[in-house]
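Topology and contacts: notes
Here is what each chain is made of, one letter per residue.
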Amino acid sequence: MALAKNVGGIDRTIRIVLGLLFLSIGLFGDLGTMGKTISYVLAAVGLATGFARLCPVNALLGIDTCKPKY
């Protein structure tokens, strides 16, 4: 069973950009261990949902930001 994509357009771009931002904060920011861990987790979630175009939370809430399929 294939999961339907539910992340598209601007939503996808924002997730990828924020993922890269959190990754750079984790790598170059002056944070403690907990701060770096949180930053890396947020980066991983943003990048994974952006590139996979699938968000489980969107699926649970019934949100679909992809263009309508005609």
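Higher on the page you've got the structure.
Rules and cut-offs
For every chain, the first residue of its written sequence is number 1, and the numbers climb from 1 along that sequence. Per-residue local features of the predicted model are confined to residues with pLDDT of at least 70, and side-chain atom pairs are confined, for both listing and counting, to 80 or more; whole-chain, interface and lining totals are unaffected and use all residues. Side-chain calculation: all heavy atoms of the structure are included, whereas hydrogens and water are not. The numbering of helices and of strands both runs from the N terminus, where a helix is a DSSP run of H or I of at least 4 residues and a strand a run of E of at least 2. By this rule, a helix spans an expected 1.5 Å times one less than how many residues it contains. Buried residues are those whose accessible area, probed at 1.4 Å on protein chains only, stays under 20% of the maximum for their type, while exposed residues exceed 50% and partly exposed ones sit between those limits. Should any heavy atoms of two residues lie within 4.5 Å, those residues are counted as being in contact. Each salt bridge in this description consists of a side-chain nitrogen of Lys or Arg and a carboxyl oxygen of Asp or Glu lying within 4 Å of one another. Patch membership requires over 30% relative accessible area and the absence of a salt bridge. Like charges are linked within 9 Å, and nonpolar side chains (Val, Leu, Ile, Met, Phe, Trp, Tyr) within 5 Å. Reported accessibility uses the Shrake-Rupley method at a 1.4 Å probe radius. Residues are deemed covered only where the shown protein chains occlude them.

1. A short note on the environment of Ala59
Mapping Ala59 onto the fold places it in helix α3 (residues 56-61). Residues Ala59 and Gly29, 30 residues apart in the sequence, show an inter-C-alpha distance of 33 Å.

2. Side note on helix α2 (residues 33-52)
With 20 residues, α2 should cover 28 Å at 1.5 Å per step; its first-to-last C-alpha distance of 28 Å lies within 8% of that length. The complete set of buried residues in α2 reads Ser39, Ala43, Gly46, Leu47, Thr49 and Gly50. Elements that come into contact with the buried residues of α2 comprise α1 (9-28). Phi turns positive one or two residues past the end of α2, at Arg53, with a value near 60°.

3. Focus on the pattern of salt bridges
Pairing between side chains of opposite charge can happen when their charged atoms approach one another. The full count for this structure, using the stated rule, is one salt bridge. Residue Asp11 pairs with Arg15 through a salt bridge whose shortest N-O separation is 3.0 Å. Placement of the pair is Asp11 and Arg15 together in helix α1, with a separation of four residues, close to one helical turn.

4. Looking at a nonpolar patch on the surface
Residues Ile10, Ile14, Leu18, Leu21, Ile25 and Leu31 make up a contiguous nonpolar surface patch of about 520 Å² in total accessible area. By the secondary structure assignment, Leu31 is in the loop between α1 and α2. Judged by its relative accessible area of 33%, Leu31 is partly exposed.

By themselves, these figures tell us nothing about what the structure is for.
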